[in-house]
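Examining the three-dimensional arrangement
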Amino acid sequence: DTEVTQTPKHLVMGMTNKKSLKCEQHMGHRAMYWYKQKAKKPPELMFVYSYEKLSINESVPSRFSPECPNSSLLNLHLHALQPEDSALYLCASSQAGRTNGYTFGSGTRLTVV
Amino acid sequence: GENVGLHLPTLSVQEGDNSIINCAYSNSASDYFIWYKQESGKGPQFIIDIRSNMDKRQGQRVTVLLNKTVKHLSLQIAATQPGDSAVYFCAEFNDYKLSFGAGTTVTVRA
């Protein structure tokens, strides 16, 4: 299995809702990432997990809460989002450490109404 | 010429011609430079990478050139095909982070 699987593919949520994005990989990668991508823009790094521990938070607002329950799963919990948070949320994984071999999922298209 | 290395947000290419996509990077300390292809509805897909101590690397139909003097990266695609139509991003890896540059939308004309 050489894929990163993200669910759901599409999500529409209200500003008072709580929802979660899920990401799964079975490549034995010990680093996992969340990126946010606005339309016609490059992906922007949000969080980095290494060996199930949060190692980088790129000053992301607290309404985004990541969680790494085990080495194969990565969640992003969403609460009280704003319409400007609407974007494509990409998950990626790689071997931990100084490496460039990232595998990206197809993303969750999030719309906040 | 004056436009060598200029980053263009869009590129239209005739099928069968060669494509050149340019990118300027910001961090001289980056360890790797990578090109990604992103098709509509998909995540970025790895194309080719190059270490900071190299200046050229070739893959299948693709070549990446790195000019550290002017912090410039380019991707050459030989014999461009319709399936090459996508957005192309350069990225740099430094300090455990992968950061993306502005993309170039490549459209292949039949």
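Quick note: structure is the one above.
Our subject in this report is the structure included herewith.

**Quick word on the overall build of chain A**
Check the secondary structure of chain A and you find zero helices and 11 strands. Element order for chain A, N to C, with α for helix and β for strand: β-β-β-β-β-β-β-β-β-β-β. Its C-alpha atoms give chain A a radius of gyration of 13 Å, near enough to 13 Å, the size a compact globule of 113 residues would have. With respect to the principal axes defined by its C-alpha atoms, chain A has extents near 35 × 25 × 25 Å. Counting over 113 residues, chain A shows a buried share of 47%. Counting only contacts in chain A whose residues sit at least 6 apart along the sequence, the fraction spanning at least 24 positions is 54%.

**Structural notes on the layout of surface pockets**
In this structure, the largest pocket spans a volume of roughly 570 Å³. Along the walls of the largest pocket sit 25 residues, with A:Gln37, A:Lys40, A:Arg109, B:Gln38 and B:Val87 positioned nearest its centre. Elements supplying a minimum of two residues to the lining of the largest pocket: strand S11 (108-112) of chain A together with strand S8 (86-94) of chain B. Tallied by class, the residues present in the lining of the largest pocket amount to seven nonpolar, 11 polar and seven charged. As a volume, the second largest pocket reaches approximately 330 Å³. Lining the second largest pocket are 20 residues, with A:Val4, A:Phe104, A:Gly105, A:Ser106 and B:Gly43 sitting closest to its centre. Breaking the lining of the second largest pocket down by element, the ones donating at least two residues are strand S1 (4-7) and strand S10 (103-104) of chain A together with strand S3 (32-38) and strand S4 (45-51) of chain B. For the lining of the second largest pocket, the element with the highest residue contribution is S1(A), accounting for four residues. In terms of residue class, the lining of the second largest pocket is made up of five nonpolar, 10 polar and five charged.

**Considering the pattern of salt bridges**
Side-chain pairs of opposite charge can arise where the charged atoms are in close proximity. Residue and element names in this part refer to chain A. Within the structure shown, the criterion is met by six salt bridges over all chains. Residue Arg63 pairs with Asp85 through a salt bridge whose shortest N-O separation is 2.8 Å. Pair noted here: Arg63 is in the loop between strand S6 (53-57) and strand S7 (64-70) and Asp85 is in the loop between strand S8 (73-79) and strand S9 (87-94), with a separation of 22 residues, a long-range link. The class for Asp85 is buried, based on a relative accessible area of 2%.

**Describing the pairing of S6(A)**
Residues and elements named next belong to chain A. Here strand S5 (residues 44-50) pairs with S6 via four bridges, running antiparallel. Paired with Phe47 across the bridge in S6 is Asn57. The turn linking S5 back onto S6 is made up of two residues, and Tyr51 within it adopts a positive phi angle of 50°.

**A word on the state of the cysteines**
Residues and elements named next belong to chain B. Overall, the coordinates contain two disulfides over all chains when judged by the stated rule. A sulfur-sulfur separation of 1.7 Å characterises the disulfide bridge that pairs Cys23 with Cys90. Measuring handedness by torsion sign, the sulfur bridge of Cys23 and Cys90 sits at about 45° and is right-handed. One end of the pair, Cys23, is in strand S2 (residues 19-24); the other, Cys90, is in strand S8, with 67 residues separating them in the sequence. By the burial criterion, Cys23 is buried, and Cys90 matches it.

Scoring rules and cut-offs
Residues numbered from 1 in each chain as written. Chains lettered and ligands numbered in written order. Predicted model: local features only at pLDDT ≥ 70, side-chain atom pairs only at ≥ 80, totals over all residues. Heavy atoms only, no water. Helix = DSSP H or I, 4+ residues; strand = E, 2+ residues; numbered from the N terminus. Rg over C-alpha atoms; globule rule 2.2 N^0.38 Å. Buried < 20%, exposed > 50% of the residue type's maximum accessible area, 1.4 Å probe, protein only. Contact = heavy atoms within 4.5 Å. 1 Å grid on protein atoms, 1.4 Å probe; cavity = no way out; pocket = protein on both sides within 12 Å on 5 of 7 lines; lining within 4 Å. Points joined across faces, edges and corners; volume = space filled by probe spheres on them. Nonpolar A, V, L, I, M, F, W, Y, C, P; charged D, E, K, R; others polar. Salt bridge = Lys/Arg side-chain N within 4 Å of Asp/Glu carboxyl O. Pairing = 2+ DSSP bridges. Disulfide = S-S within 2.5 Å.

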